[in-house]
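# Structural description and commentary
Chain by chain, the residues run as shown.
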Amino acid sequence: MLKYTLGRILSGLVTIWFIATATFLAMHAVPGDPLMNEKATTPEIRENLARKYGLDKPIVEQYVIYLGNMVQGDFGISFTQQNRKVNDIIQDHFPVSAALGILAITFAALGGILWGALTALYRNQLPDIIIMFLVILGISVPSFVFAALGQLLLVNINQWFNISFLPVAGWGTFAHMIVPSLVLGLGTMALLTRLMRSSMLEIVNEDFIRTARAKGLSPSRIFFQHQLRNAILPVVTVLGPQIAAITTGGFVVELVFAIPGLGRYFVQAVQQLDYTVIMGTTVFYGAFLVFMVILVDIIYGFIDPRVRLK
Amino acid sequence: MLDFDFRDLESMTMPKFFILTLFLFAFSNPILAQSVDAAAQTVKIALAQEPPQLNNMTATDQVSIFVLGHVMEGLTRYDRRGNLAPGVAERWALTEDSATFWLRKDAKWSNGDPVTAHDFVFAWRNVVDPKTASQYAFILYPVKNAEAINQGNKPLTDLGIEAIDDFTLQITLERPTGYFLKLTAFVTTFPVQEKFYRATGSAYAADSKDILYNGAFRISDWVHSASLKMEKNPNYWNSEAISLEVIDAEYITADTRARLNLFIDDKIAYTQLDGETYKDALNNQFRIKKFVTGSVYFLEYNYRPERITHNKKLRQAIQAVFDADEFVNKVLQTPGNLPGASLFPSWIMGVNKPFRQEYPAVVTRPDLAKAKQLLQEAKAELGLEAIPPLILLVSDSPTATKQAEYMQGMLKTKLDLDLKIDVQTFKQRLAKMTNGDFDIVGAGWGPDFDDIMTFGDLFASWNLNNRGRYNNPEYDRLVRKAMNSNDPEVRMAAMAGLQTIVHEDAIILPMYEQGVIYLQHPKIKGMRRTVVGSDPDFTYARIVP
């Protein structure tokens, strides 16, 4: 088990190194000068800026310096917010994205399991058809549409009732999180519903369910004790990568609901060619995703010994 | 109001979590804090982005300048009517080549220290120090030796600024500069206390506690990317004149629709609209206000010899078919924009009246026959059978693309000219502009200071922002003439000469003067919109009951 775990961690580190290198190369391959701004600057000023950010050195040397700093956990200072450390940016804004993501995944998991089980139970009946229609909608409609619609709905509700039912945007209290996290979790909820439904349907035909029925157990006991518990396993598998995807993929939701998450920095850094922030956020998110995958792998190693042997 | 920190979530169990949710739904507080409060004199707004740079010596963007204009003050400032008025300086004396400022003794930093002449000396030297690499260092170029220092050719101490004593500041000018006084109201020239600056190390202005304030307000709370709260500064020398207690930017988002929604919900008291949100604002029957931002937008040509756009007849042909009125009405559509006619916008002041009233720009009416003839002549001069496709470089904003497509369609149908649209993101477009990788580029220019020269020298051969490398000795001569004179008559006559060259040589194709539309809570009075500096200016605003 130890060997298996160490092996996974080692391959994870190689993956992170690869992400860092690929991002570094891609970023420098993008045309455009990160130090350039609307107002033209003299060559002298340009040189001084380049020196400040170490861009005056040859690219190989930049890469070595950058890797060295990264190993020490230092991502440098932002190009656009000139006095702010990238480490501070991650530290300040990732918890926000994470809090939103955890709530979103909670909504998604609870909703997905509930709706999935319901559709399996009422297979090919009206509830199944309605829910599956909504599921397809949830998967195919991008989150910026839901975000805009969700906000518009809130504004209208607040107007109709002339009270501040829930905040339209902003951050700071729990009430601010409810609608954005629902919106953020919708896609995953739809995905999990489908997964749950098919895994429920598979289990219905298993021998042990038939045995339980033959023993004369009540339908509700069969549903909760046997079907649901077994059907949930595949859902747990996808939850790991989904958590990583949700906590990192909230850019649009953060923008619409004015939430100070890390997703905004991640996307805007690319638009503004903010080298240090691009590197910092990409490596951080990459490492986070790798970590979640390894975590799931290790947990699986414990649950299912066959995985270890492969 | 229930006040939950998101960190509490980690310690929260599932059932509690849901009870809480239900609770919130059931007891949502009716009429929470609204966007304006007359009793408390507070106003809530949203910022379009996190201010990227609150170090006034290096700040260049609108949001940072907006904040800095409220929390800091220069030697002079703009009063409630928009006139230049005393700031830290109580009075001043100007000559052809010098300026003396007498500072008021009751101007204080937020830590209680007096604002002294030394704070200006330190800040100005820092701005022109090549190590600071300030992109707005050129603002101080009228000061003696500033340009040479900025290029690394002279020591910092050679800068023409001297503190005669704590409250007397002596400036030596490089050349007569009629607009010098106006520069002292701009953020780049604001003071910085050396002691405090050194104490923050490299983190000056990284957080609200890392700045010393001397303005009407101070930042009391700044949560990065989330909110920025400004409170009335009790140490401000003129605090009796300030009515507002709090300017609270509770939201930071670039999404105009989200901001409109916040306005509808009465969570913010001011928001700018765009083409999309304009219609919704109309449907909500809000009173829509208009404001001309002061920026001009135009097509700029590439004059490098290898580009065919250096041919004057070709540029004139394009000028002869372009209809600025049609462009503003059919393409831009939102109200507030003015048809472009000149390099100089209509608000710029001349000798006594707006420059454009004293020296009206020539308005060209579209003339297809003339355009076709000019194009024939251009082909003959260039020795070409047909004009090859011209590359039109534009930014990737939806409006810029729409404008480019209009030009493409218009030139194709009228002159059978082909345009190839090259859409690029911000930094890539700048790189291509600087390298001359275009025939025509969609460009714009906003004023850096309140004087005609901020536009006038744009196409001087030495100006680095002249990215098409236009080079005309007569143009340069007129710019120099205006630069070296303090006489408004002489300066404006020179600028009128420039305006004629811009038109006759078809240096640029003026498209429009940008206007914006916005919503403002009816209870806010005295909020000032301004083309240069901190806009909108809430300094003298108040909330009426």
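Refer to the structure presented above.
Figured I'd write up the structure that's included with this text. What you see is a predicted model, and the numbers here were worked out from it, not measured in a lab. (Residues numbered from 1 in each chain as written. Chains lettered and ligands numbered in written order. Predicted model: local features only at pLDDT ≥ 70, side-chain atom pairs only at ≥ 80, totals over all residues. Heavy atoms only, no water.)

### Some details on the packing of aromatic side chains
Two aromatic rings, taken as a pair, are described by how far apart their centres are and by the angle between their planes. In plain terms, the rule: Planes of paired rings set the category: under 30 degrees apart is stacked, over 60 is edge-to-face and the rest tilted, where pairs are Phe, Tyr or Trp rings (Trp by its six-membered ring) whose centres lie within 6.5 Å. What counts as a helix is a DSSP run of H or I of at least four residues, what counts as a strand is a run of E of at least two, and both are numbered from the N terminus. To sort residues, take the accessible area from a 1.4 Å probe on protein chains only and compare it with the maximum for the residue type: under 20% means buried, over 50% means exposed, and anything in between is partly exposed. We call a charge positioned above a ring when the Lys NZ or Arg CZ atom is no farther than 6 Å from the ring centre and deviates by at most 35 degrees from the ring normal.
A full pass over the atoms with the stated rule returns 32 aromatic pairs over all chains. With a centroid separation of 4.6 Å and 10° between ring planes, the pair formed by Y179(B) and F449(B) is classed as stacked. Separated by 270 residues along the polypeptide, Y179(B) in the loop between β8 (168–172) and α5 (180–183) and F449(B) in the loop between β17 (440–445) and α15 (453–456) bring together distant segments of the chain. For Y179(B), a relative accessible area of 9% corresponds to the buried category. Note on F449(B): relative accessible area 9%, which makes it buried. Site record: aromatic cluster; members linked through ring pairs are F94(A), F266(A), F284(A), Y285(A) and F288(A). The ring centre of W237(B) lies 3.4 Å from the NZ or CZ of R104(B), which sits over that ring. R529(B) extends its terminal NZ or CZ atom over the ring of Y518(B), reaching a point 4.5 Å from the ring centre.

### Let's talk about the pairing of strand β2 (residues 42–47) of chain B
All names here are of chain B. The criterion, for reference: Strands qualify as paired when DSSP identifies two bridges or more between them.
Within β2, 6 of the 6 residues are buried, which leaves the element mostly enclosed by the surrounding structure. Judged by which residues are buried, β2 turns out to be covered on both faces: T42, K44 and A46 on one side and V43, I45 and L47 on the other are all buried. Across 2 bridges, the pairing between strand β1 (residues 36–37) and β2 is antiparallel. Bridge pairing in β2 places V36 opposite V43. Adjacent in sequence and paired antiparallel, β1 and β2 are bridged by 4 residues, among which Q41 carries a positive phi angle near 55°. Examined bridge by bridge, β2 and strand β11 (residues 246–252) share 6 bridges and lie parallel to one another. Directly across from T42, in β11, lies its bridge partner V246.

### Notes on the interface of chain B and chain A
Let me state the cut-off plainly: Residues count as neighbours in contact if any of their non-hydrogen atoms are within 4.5 Å of one another. Here the quantity called buried area is the accessible surface, traced with a 1.4 Å probe, that two parts lose on coming together, added over both. By definition here, a salt bridge exists when the distance from a side-chain nitrogen of Lys or Arg to a carboxyl oxygen of Asp or Glu is within 4 Å. Distance and chemistry together define a polar contact, namely a pair of N or O atoms within 3.5 Å, with one atom able to donate a hydrogen and the other to accept it when in protein, and with adjacent residues in sequence counting only for side-chain atoms on both sides.
The interface of chain B with chain A comprises 67 residues on the first partner and 59 residues on the second. In total, about 5,300 Å² of surface goes out of reach between chain B and chain A, with carbon and sulfur atoms giving 61% of it. Where chain B touches chain A, the interface holds 2 salt bridges. Between R84(A) and E50(B) there is a salt bridge whose closest N-O contact spans 4.0 Å. Seen at the junction of chain B and chain A, the total is 13 residue pairs in polar contact (both at pLDDT 80 or more). When residues of the side of chain B that touches chain A are traced back to their parent elements, those giving at least two are α1 (14–26), β11, α7 (256–264) and α14 (426–435) of chain B.

### Quick look at the sheet that holds β1(B)
Residues and elements named next belong to chain B. Spatially, 5 strands are ordered β1-β2-β11-β10-β9 in an open sheet, and the strand pairing comes out mixed. Where the open sheet ends on each side, the last strands, each with one partner, are β1 and β9 (217–223). Across 4 bridges, the pairing between strand β10 (residues 227–232) and β11 is antiparallel. By the bridge assignment for β11, L228 is matched with A249.

### Considering the pattern of salt bridges
Going through the model one piece at a time under the given rule, you end up with 33 salt bridges over all chains. For the salt bridge of K232(B) with E245(B), the shortest nitrogen-to-oxygen distance reads 3.9 Å. Residue K232(B) is found in strand β10, and its partner E245(B) is found in the loop between β10 and β11; the two are separated by 13 residues along the sequence. Bridged by salt links that share partners, the residues R84(A), D92(A) and E50(B) form one connected network.

### Describing the nonpolar core
So the rule is basically this: Joining through side-chain atoms within 4.5 Å is the link that ties buried Ala, Val, Leu, Ile, Met, Phe, Trp, Tyr and Cys residues into a set, and such a set is a nonpolar core.
Ranked by internal contacts, the top residues of the largest apolar core, which has 196 residues, are W124(B), M407(B) and F538(B). Not counting chain neighbours up to four residues away, the residues in contact with M407(B) comprise L299(B), I318(B), F322(B), L392(B), L419(B), L509(B) and M511(B). Of all hydrophobic cores here, the second largest spans 26 residues; its members include L100(A), L103(A), L184(A) and I246(A).

### So, the sheet that holds strand β5 (residues 89–94) of chain B
All names here are of chain B. So the rule is basically this: Whenever a helix is involved, its axis is fitted only over the stretch in contact; in every case the axis is a line through C-alpha atoms, and angles between N-to-C directions fall within 0 to 180 degrees.
An order of β5-β6-β8-β7 is seen for the 4 strands of this open sheet, with the pairing classed as antiparallel. Unpaired on one side and paired on the other, β5 and β7 (161–165) mark the two borders of the sheet. Each adjacent strand pair in this sheet contributes to an overall mean axis angle of 20°, direction not counted. Strand direction decides the pairing type here: β5 and strand β6 (residues 98–103), joined by 5 bridges, are antiparallel. Within the sheet, the bridge partner assigned to L94 lies in β6 and is A99. Set on the sheet, helix α3 (residues 117–128) makes contact with β6, β7 and β8; between it and β7 the angle comes to about 165°.

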